[in-house]
Structures are given as C-alpha cells and as structure tokens.
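Examination of the molecular architecture
Each chain, letter by letter, is given below.
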Amino acid sequence: MIRRIARKELLDTTRDGRFRVLAILVLAISVTSLLAGWKHYRDVQAQHEQAQRATRAQWLGQGSKNPHSAAHYGVYAFKPKNRLSMVDTGIDPYVGVAAWLEAHKQNEFKYRPAQDRTAVQRFGELTAAEGFLVLLPLFIVLVTFSTFSGEREQGTLRQLLSLGVRTRDLALGKALGVAAALALVLVPATIAGIVCLSLTPEYGSLAGDTARAALLGTIYLAYFATFIAISLGVSARARSSRLALVVLLSFWFANSLIVSRAASDLAATLYPTPSAVEFQSAMEKDLADPSDVEQRFERRRQELMQRYNAASIDAVPINFAGISLQEGEEHGNEVFDRHYGRLFEIYDRQNHAYQIAGIIAPLLPMRALSMGLAGTDFAHHRSFVHAAEEYRRSIQRVMNYDIAERAKPGVVYTAGPELWEKVPDFQYEAPATGWVLEHYRWSLLLMAAWLAGSAWFAFSSASHARVD
Amino acid sequence: MFRRILAHEWRMLTSDATVWTLIAIFALSIGYGTLNGARWTRFQHDAISQAEREERDRLAAHQATIVAANTGTSKVSPFLDPRNPEVAGRRLAGRYAVMPPAPLAALSIGQSDLLPYYFKMTTDAKETVTAGAELENPQRLLAGRFDLAFVIIYLYPLLILAISYNLLSAEKEQGTLALVLSQPVALRTLALAKVTLRLLLFLATIGALATIALLAAGVDLGNGGVRFALWFAAVAVYGLFWFGLASAVASLGRPSATNAMTLAAIWLALVVLLPSMFNLLATTVYPVPSRVEMVQAVREASDEANGQGSVLLSKYYEDHPELAAGGAEQAMNDFNVIRVAVNAEVERRVRPVMDQYGRQLVAQQSVIDRLRFLSPAVLMQDALNDISGTGAGRHRHFMAQVSAYHETWRGYFVPLIFRKAQLSTLADIPRFRFQDEPFDRTIARVATALGGVLLPGVALFVFGLRALRRYKVA
C-alpha cells in the first residue's frame, strides 16, 4: 500500500511542469557550484602545495648562517585546502591563508581571500552546500506543501480514507514519494560530486575523505527528511494549501536567512570579541614584561651551574646564549598560549552558542556539521594554527639548542644545511572524523532531535489530518 | 476622489490583522537591525580611541627614553633606541592611520567588518603594513550581520510582496472588485491608490522606526542629515521597484496563489540566487590568485636582494643622489641603510605580482558593476553601503591615503636614516589625517545605483497600468 501511495505521489509530482522546471534549476545550480568549487579547489590547492614546497626549499637552501638568523628567516605555513571544501567552503574565505613562522613571535594567519573579492561575496557563496542547505529545502517545501491540503481541497482525501488507508501509511507513502522525486535531483548531483572528488589529485591532508563524504551525505539526507516531514505535517494541519505555503515559506526564510545572522550576533553579544588593537597591546605588554624572563634565566643559570658543578655560568660547557634564547621563546609561548587561547576560546564559545541556537532552526547544527565534516570550520582552522605554531616552536628549539651546544662564546658561529635538515618538513594531518563528530556532538544531537521531532509531527498531524 | 478611495482602502487595510502582524515583524527587525549597527559603530569608535590612547602612551614613553638617554641618566640598547630613526620608524614610533566610521555607519555594516579601518604605519613594505585586520570570528563574517541593510534588502521586499501579492486578485476572488468598480472609479485609480497607501505605510514605518532607533542609539542625525535623506530616498526607490513588480504581476489577472508563487520565485532569483551567481561568475572568470603566491614572490625577491645588498645600495644612490651627500662611503656598510635599498628593490621586483591582485579585483568589480543592473538587491547593497560609508568606494579612498601616508612616512625617516641622524623628538613624525571622500562622488555612485532600481521599477508600473486595461474584473 505504502509503495502504491509513493508511486502515485511520485507520478503526480513529476508530471507537474513546475516540478520539472524547479528540478532542472536546482540540479543545474548544484552541479555548477560543484564544478566551480572543484576548479577553485584545484587552483588554490596547487598554488598552496607549490608554495609549501618552495618555502621548504628556501629553508634548506639558505646557506651558512647563525642558527638564530635562520630562525628569524623562518618558513611560511600555508593553509592547505581540504578536498571537501569543494562542497562547502565554510569559513575559508574569511581566514588568512599564510603565516610567517619566525623567531620570538606567533604571527597571525594573514590575507583573507574575501578581502580580495567584491561586496557581492557577502550575499553568500554559491556552493554545493548552499544548494543543499538552503535551496533544496525550498524545493521540498514547494513540492510538498499541498500533498495533504491539495487532496483535501480536491475532495480526494475523503475518498482515500474511505478505502481504509491508514493515515500513517498515507504519510509514509507520501514522504517516500516526495523523497523519490527528490532523488531525481540528488542522484545526479551526488554522481557529479563523486566524479569531482575522484578527479582531484591525492592529498593526504584530510584523513578518511571517503568516510567524511559519506557522513556528509548522510546528514544532508537527514536534513532533507526533516524538511519533508515538517512540510507534510504542516500540509496535513493547515486549513488550506495557501496557509500551508505561507507557514512553510516563513519557516524556510527564518531558517535560511534570519537565524544564522541573529544567532551569531547574539553569540557575539554574549561573548564579545576584543578589538585587534586591544588584543595586540595587551599581548605586547605581557611579552615585554622582563620579570618573568629574568626569573627564567636565573633558574636555568642555577640549574646549569649545579649540574656541571661550576662556580660561574662561564665555566659551564654550554653556551648560555642558546639557553637564554630558548627561555625567551618559552616565555613568549606562554604569553601566546594565554592570549590566543583566550581569543580562540571566545570564538569557540560563540560558535557553540550558535550551535545550541539550533534548537530553533535546523540549519544551524547542519551548517556546523557540514563545515566540520568538510574541514572548513573554525575548529579545523584552530587545529591547523596550533600545528603550525607547534612547528614554529620546534624550529626554535632545534636552532637554540644547537647554539647552546656548539657555539663558543666570542666566536662567530655559523651552521649549514645539516642543521636545516634537522628540522623535519612541515606535515599537517587533519583531525580524524571521530574528532569532528565529538566536537559537534551537540549538533548531531540536535539534528537527531529535529529528525525525530519532525517525523513525530508528520505522523501525528497525518493521523489528525482535517478531512474537510 | 483619490483621497476618498485612499480613505476607503485605509479602512480595508486596517481591518486586516495580517497587515499589522507583518508591520510589527518589520518594525521589530528595523529596531533590532539599527541598534545592532549602532553597536558595531560604537565598537569601532572604541577601538579607534584605544588605538589613539595606545599611540599616545607609547610615544610618550619613548620620548621619555630619548630625554633620559640624551641627558645621560640611563642607557638604552641600540635595538630599542627611539633616537635611531630606523628603529623609531620601523618599530617603536608607529602611528595609526584611521578611517573613522561615517556619520550614518550604523545604517549598514557593509564591508566594514571585513576591511580594516586602522593600520599602524611603519617603514616596512606597504603590504606588510596593510596586512593587518580587525579581529573577528570568521564564522560570524560568514554568517553576516543582522543590520538594517539586511532588513531592507531581504525582508522589506518580501513583506511588500506578502502585503500586495493579492492586490486585486483578493477582491476579485471575493467578488467585491466588481462591486467597487460599479462606482464611478477607474480600475487604474483603484490600483494606484492601493499601492500608494501600502508604500506610504511601509515608508512611514521605516522612517519613524529608523529615526527612533538611531536617536536611541545616540547617533547624531544632524551631522548626517543629507545622508539620512539619501538613505530614505533609496529605501523609497527600492520599495517602488517591488511594488511595481507586484502591480505588474497583479495586472496579469492570475489567481492569488499563482501571483504569490511567481513573486516569491522572482524575489528568490533577484535577492538570493543572482547575487551569488554574479559572485561565482566574477571569481571564476577573474580569479584572484591566492595571496600565497604574493608571499612567495616577496620572499624570493628579498632573498635575492639581500644577497646583493651593497650593489643595490650603490644603485639606490644613483636614483637618489641627494641622499649620497652625507658620506656615501661609510654608509655602504651600514645595515640600516642597506635595508632601505634592499626594501626598495624588493618592492620594485614584486610590483608586477602585487598589481595583478589589484587588477583582478578591478576586473571582478567591473563584471559586477555591469551585472548588478540585473539585480536590484545588489544595486541596493551598493547604494546603502555607499551612503553609510561602509562600502568598497570609501575604503579604496582610505587605502589611497594610507599609501600616500606610507610615502610621507618613508620620506620623513629615510633621509634621517641615511644621514644617521638622531631623533630628539617624536612630535615631528608625520600624522595621518583622514580626508573623507568628496560627498558628490558618493552621491554620484548612489545615484547610478538608484537609477538602476528606479528605471525598471517605473517600467514595471507603466507595464502594469497598461495591462490593467485588459484586466477581467469578474
């Protein structure tokens, strides 16, 4: 019975000329945006990979110099592009692409791509995710809003029920019918997506791409199911098709356009972001504070003198210049961890509040999950920033300990390529899929709640559907 | 007669609860959006005064160091000596170049959350100086702000369509249209009255609420009176376009449901789809290469230039013979002097790469500038941002001044570095004074954009009024 209802619904929908136009439009938009995303990914990824190789070659080829000069010369970290960013570019346009890893300083990632674009960027980027999260729900609403109310208005609902069809079966059948109609759009889009993904060069940055892509697909499907259920429920309850359409369109508008702005504004009110000048001057003040560094120097001096049983630091067979450079780094690292940690914590709290606001709109947890799985969210950015900073610190350690071990006081000391080689190439491994799911457990929970709640709403509305 | 019809329509309109619900939603959004914009403007003002305070305190501290060092009461490390023009100009004595928010910045946040509005000037390369940016959660930049411009661009047309999709069809479907027209009144007069009344209702709501919210947020309206008038005109023109669209669709005589679908589809296309398609098109046809390439180009150029420092210096002297006067020979080995020459060489070499970014962005902008006439939403975004001074136009104007200031800055410090002069005061270091864009240039841009909204709006009205001749009343 359910199958028959589903088939009728599918036939009904696909025969409608409006459906065909809409379906072609949605499909065209999805595929275009995927292709554009694919091209953009390929261009940028190639540029970044090449730059990363070049910066390594420059590091190795810097000739003979003092290790501390080499540390000042440093290397660059370039943010790799994740393969799934072709589906969801997320925050990528709004975070910097390059950071200079030099001595004494944790530099910010600079050059946000959005600054190199026009103001229309702010209308939103046309990505496959945008198509799935914003346009497809609208498509679902337009296809579904009259499924119950339309039958009622034609008088066929009474006939159907007189045949002894269970309302639950009716709801399920109709949902499946709509889903099948949707599949006509989704299957080609998915195939295009898989083709695009497989046409990209292998790049190890995103471990378990396949798992991520599959999960991404699954949560999108859950989101579509939520929208189908909500639309069916409203269609069953509403007095007329017109009212159903108005209610559903208002919900779509609030969900797609209003809530994400309102939620991120609210989150920023709860956890205000400091201004750059406030942040910088507070950090510089802490960096310049000499007392901590002096204490560190003194501690290490005593330690070394004790270890080598020496009366003065000059008698210790270790060059204290290297030690003091490293202690300066350690002091800086503490300050950076404190200040950047606090700043990133503010962002994380804002983003968490944004997620929680998903109680009122399913788009919010969906956006978070979509960006998270695509590796284009703030959590991934933070993880990369952290990795780059750890790498910077490892360079400093290698350089400073080399000075401590080899440099003789009063003698000009230079090191060569053997030392530069000791610093391994910068390798970044994106966090595992499990980490993403753990990070977004609230979003997952909320999505599950939306799915369950909307299914319940659809079934209960169907069983209480108005017949007149 | 027209007034009597208006009075009648007013009675009809006020008896409809949905109208008041829509107006209430609209009023709330306007209030919230304006306050939100005002809060952001206040944040910017606070950041600017923090920067000014920081600069004042820092320069005062360094001035004190200079005095102490000159009187011999204390010693100072050569790397931290503010008397050394190289150290002062590059690290210690940086002054801020600031673009304060325009008087009515609260009306549209625009690009002001993305594009930096203050820089700390140094003798470093201009790209280094201008690479800084205001802190912001990237996810918030992605989401955009709920400001008044958002309410006007997205919500306002939707509400207009919601209130006018059944402009004539509702009365036709109720059968009252024929009754009304049995009176000596033309259909066109009736339609015009309906539209006029609704537009006035919207404009009154916007005007009153925006004024109240701005005053509540402490914005000085007297200062931006002309801008506010311009803003109100823009809102009126945009409203006119959407009412024109609604009446054109209404004049076709289709049922209310069809009208609603048609109008919603057009709204979606003009406000949501087309702008992002334009963006996709512009960024795909004229992609701006990743800045990573620029970083690498600078790096390569400076590696090479550093290797030939003294050669470059003698070349630099050829170009700037006036600087060679103060003992070129001994300067040849001076690190600071060589650095100036090396920087100049690096900048010369990477200029083609830098220019490429600017050129691609200009190309993107020119694509958008042509395409935008297809979407009143994009035109409106441009107009609102320009009126509030939060668009790309005013920012470009600011960046040009920052460039000039950078030149002035170097013009002050470089000769001092070459002369190995010692600064005795930091008070003479050039300051930045932001000159706002001439207002007539802003007005010209706004007028172009608004013309692009007004023209199709009027055309739609004319079309509607003509089509009404063939309207079947029953």
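The rules behind these values
Residues numbered from 1 in each chain as written. Chains lettered and ligands numbered in written order. Predicted model: local features only at pLDDT ≥ 70, side-chain atom pairs only at ≥ 80, totals over all residues. Heavy atoms only, no water. Helix = DSSP H or I, 4+ residues; strand = E, 2+ residues; numbered from the N terminus. Buried < 20%, exposed > 50% of the residue type's maximum accessible area, 1.4 Å probe, protein only. Contact = heavy atoms within 4.5 Å. Lys, Arg positive; Asp, Glu negative; His and termini not counted. Charge placed at Lys NZ, Arg CZ, Asp CG, Glu CD. 1 Å grid on protein atoms, 1.4 Å probe; cavity = no way out; pocket = protein on both sides within 12 Å on 5 of 7 lines; lining within 4 Å. Points joined across faces, edges and corners; volume = space filled by probe spheres on them. Nonpolar A, V, L, I, M, F, W, Y, C, P; charged D, E, K, R; others polar. Pairing = 2+ DSSP bridges. Phe/Tyr/Trp six-rings, centres within 6.5 Å; stacked < 30°, edge-to-face > 60°. Buried area = accessible area lost by both parts, 1.4 Å probe. Salt bridge = Lys/Arg side-chain N within 4 Å of Asp/Glu carboxyl O. Polar contact = N/O pair within 3.5 Å; in protein donor to acceptor, adjacent residues only side chain to side chain. Core = buried A, V, L, I, M, F, W, Y, C linked by side-chain atoms within 4.5 Å. Patch = residues over 30% accessible without salt bridge, like charges linked within 9 Å, V, L, I, M, F, W, Y side chains within 5 Å. Areas by Shrake-Rupley, 256 points an atom, 1.4 Å probe, with all protein chains shown as cover. Axes fitted to C-alpha atoms, helices over the stretch in contact; angles between N-to-C directions. Parallel < 35°, antiparallel > 145°, perpendicular 65-115°, else oblique. pLDDT = per-residue confidence, 0-100.

Within chain A one finds 17 helices and three strands. Across its three principal axes, chain A shows a C-alpha extent of roughly 105 × 40 × 40 Å. A total of 468 residues make up chain A; the buried ones form 56% of that total. Counting contacts in chain A only where the partners sit at least 6 residues apart, residues at least 24 apart contribute 83% of the total.

Once that is clear, we can look at the overall build of chain B. A count of helices and strands for chain B gives 19 helices and two strands. When the backbone C-alpha atoms are referred to their principal axes, chain B occupies close to 100 × 45 × 35 Å. Within chain B, the fraction of its 474 residues that count as buried is 56%. Intrachain contacts of chain B at a sequence separation of at least 6 include 84% that bridge at least 24 residues. Across chain B, the 46 positively charged side chains and the 38 negatively charged ones have centroids separated by 9 Å.

With that settled, consider empty space enclosed by the protein. For the structure on display, the rule yields eight cavities of 30 Å³ or more. In this model, the largest cavity occupies a volume close to 740 Å³. At the level of elements, helix H4 (128-144), helix H9 (241-270) and helix H13 (363-374) of chain A together with helix H5 (138-143), helix H6 (148-164), helix H11 (256-285) and helix H17 (376-388) of chain B are the ones that each hand at least two residues to the lining of the largest cavity. Its residues assigned to classes, the lining of the largest cavity comprises 20 nonpolar, 15 polar and nine charged.

Residues and elements named next belong to chain B. Tracing the sequence through the fold places Ala-97 in strand E1 (residues 95-98). C-alpha separation for the pair Ala-97 and Tyr-118, spaced 21 residues apart in sequence, amounts to 5.5 Å. Once you skip the residues sitting within four places of it in the chain, Ala-97 turns out to touch Tyr-117, Tyr-118, Phe-119, Phe-398, Val-402, Tyr-405 and Phe-432.

Residue and element names in this part refer to chain A. The strand order across the open sheet built from three strands is E1-E2-E3, with neighbouring strands paired in antiparallel fashion. Only two strands of the sheet have a single partner each, and these edge strands are strand E1 (75-78) and strand E3 (105-106). Pairing of strand E2 (residues 98-102) with E3 involves two bridges; the strand directions are antiparallel. When the bridges of E3 are listed, Leu-101 appears paired with Gln-106.

What follows is about the packing of aromatic side chains. Residue and element names in this part refer to chain B. Scanning the entire structure with this criterion turns up 46 aromatic pairs over all chains. Each ring, one from Phe-398 and one from Phe-434, has its centre 5.9 Å from the other, and the planes form 75°; the classification is edge-to-face. Of this pair, Phe-398 sits in helix H18 (residues 392-419) while Phe-434 is found in the loop between H18 and helix H19 (439-467), placing the two residues 36 residues apart along the sequence. A single burial state applies to Phe-398 and to Phe-434, both of which are buried.

A word on the pairing of E1(A). All names here are of chain A. What you see with E1 is no split at all: Val-75 and Ala-77 on one side and Tyr-76 and Phe-78 on the other are buried throughout. Relative to E2, E1 runs antiparallel, the two sharing four bridges. Across the sheet, the residue bridging to Ala-77 is Ala-99, located in E2.

Another aspect to go through is the interface of chain B and chain A. Listed as interface residues are 73 residues of chain B and, on the opposing side, 73 residues of chain A. Together, the buried faces of chain B and chain A total about 6800 Å²; carbon and sulfur atoms form 62% of this surface. On the chain B side of the interface with chain A, the three residues burying the most area are Leu135(B), Gln139(B) and Arg299(B), jointly 11% of the side's total. Inspection of the chain B/chain A interface yields three salt bridges. Salt-bridge contacts for Arg291(B) lead to Asp116(A); the nearest nitrogen and oxygen are separated by 2.7 Å.

Residues and elements named next belong to chain B. Looking at the secondary structure, you find Ser-251 in the loop between helix H10 (225-250) and H11. Here Ser-251 falls in the buried class, since its relative accessible area comes to 4%. Reaching out from Ser-251, the side chain makes a polar contact with the backbone oxygen of Ala-248 at a distance of 2.6 Å. The contact partners of Ser-251, leaving out residues within four places of it in the chain, are Phe-463, Gly-464, Ala-467, Leu-468 and Tyr-471.

Ile152(B), Tyr154(B), Tyr156(B), Trp231(B), Tyr238(B), Trp242(B) and Trp267(B) are the most contacted members of the largest nonpolar core, which totals 168 residues. At 15 residues, H10(B) tops the list of elements feeding residues into this core. Setting aside residues no more than four positions away along its own chain, Tyr156(B) makes contact with Phe26(B), Val151(B), Leu199(B), Phe202(B), Leu203(B), Ile206(B), Val235(B), Tyr238(B) and Gly239(B). In this structure, Ala70(A), Ala99(A), Ala415(A) and Phe119(B) belong to the second largest nonpolar core, which totals 70 residues.

So, on to a nonpolar patch on the surface. On the surface, a cluster of nonpolar side chains totalling about 350 Å² of accessible area is made up of Val187(A), Ile191(A), Val195(A) and Leu199(A). Relative to the assigned elements, Leu199(A) resides in the loop between helix H7 (167-198) and helix H8 (209-237).

Our next topic: the packing of helix H12 (residues 320-356) of chain A against helix H17 (residues 441-463) of chain A. Packed helices, taken two at a time, are described by the angle between their axes plus the distance between the axes. All names here are of chain A. For the pair H12 and H17, the least separation of the axes is 9 Å and the interaxial angle reads 10°. Relative to H17, H12 is oriented roughly parallel. Contacts between H12 and H17 involve His-352, Gln-355 and Ile-356 from the first element and Trp-442, Ser-443 and Leu-446 from the second.

Residues and elements named next belong to chain A. Relative to the helices and strands, Ser-370 resides in helix H13. At 2.6 Å, the side chain of Ser-370 and the side chain of Asp-88 are in polar contact. Ignoring anything within four residues of it in the chain, the contact list for Ser-370 reads Asp-88, Ala-129, Leu-133, Leu-216, Ile-219 and Tyr-220.

In this section: the environment of Ala404(A). Residues and elements named next belong to chain A. By secondary structure assignment, the location of Ala-404 is in helix H14 (residues 378-406). Residue Ala-404 is classed as buried on the basis of its relative accessible area of 4%. Sequence spacing of Ala-404 and Leu-444 is 40 residues, and the spatial spacing of their C-alpha atoms is 51 Å. The contact partners of Ala-404, leaving out residues within four places of it in the chain, are Ile-318, Asn-319, Gly-322 and Ile-323.

The next thing to look at is the confidence of the model for chain B. Detailed reading of the predicted coordinates is not advisable wherever pLDDT is low. On average, residues of chain B score 89 in pLDDT, and 98% of them are at 70 or above. Per the prediction output, this complex has pTM 0.92; the corresponding ipTM is 0.92.

This brings us to the pattern of salt bridges. Enumeration over the complete set of coordinates arrives at 49 salt bridges over all chains. For the salt bridge of Glu9(A) with Lys174(A), the shortest nitrogen-to-oxygen distance reads 2.8 Å. Residue Glu9(A) is found in helix H1 (residues 2-15), and its partner Lys174(A) is found in helix H7; the two are separated by 165 residues along the sequence. An identical accessibility class is assigned to Glu9(A) and Lys174(A); each is buried. Across the salt bridge formed by Arg296(A) and Glu334(A), the nearest N and O atoms sit 2.7 Å from each other. Of this pair, Arg296(A) sits in helix H11 (residues 290-307) while Glu334(A) sits in helix H12; the two residues are 38 residues apart in sequence, bridging distant segments of the chain. With relative accessibility at 8%, the residue Arg296(A) sits in the buried group. One network of salt bridges, in which partners are shared, links Arg122(A), Asp265(A), Asp113(B), Glu136(B), Arg140(B) and Arg145(B).

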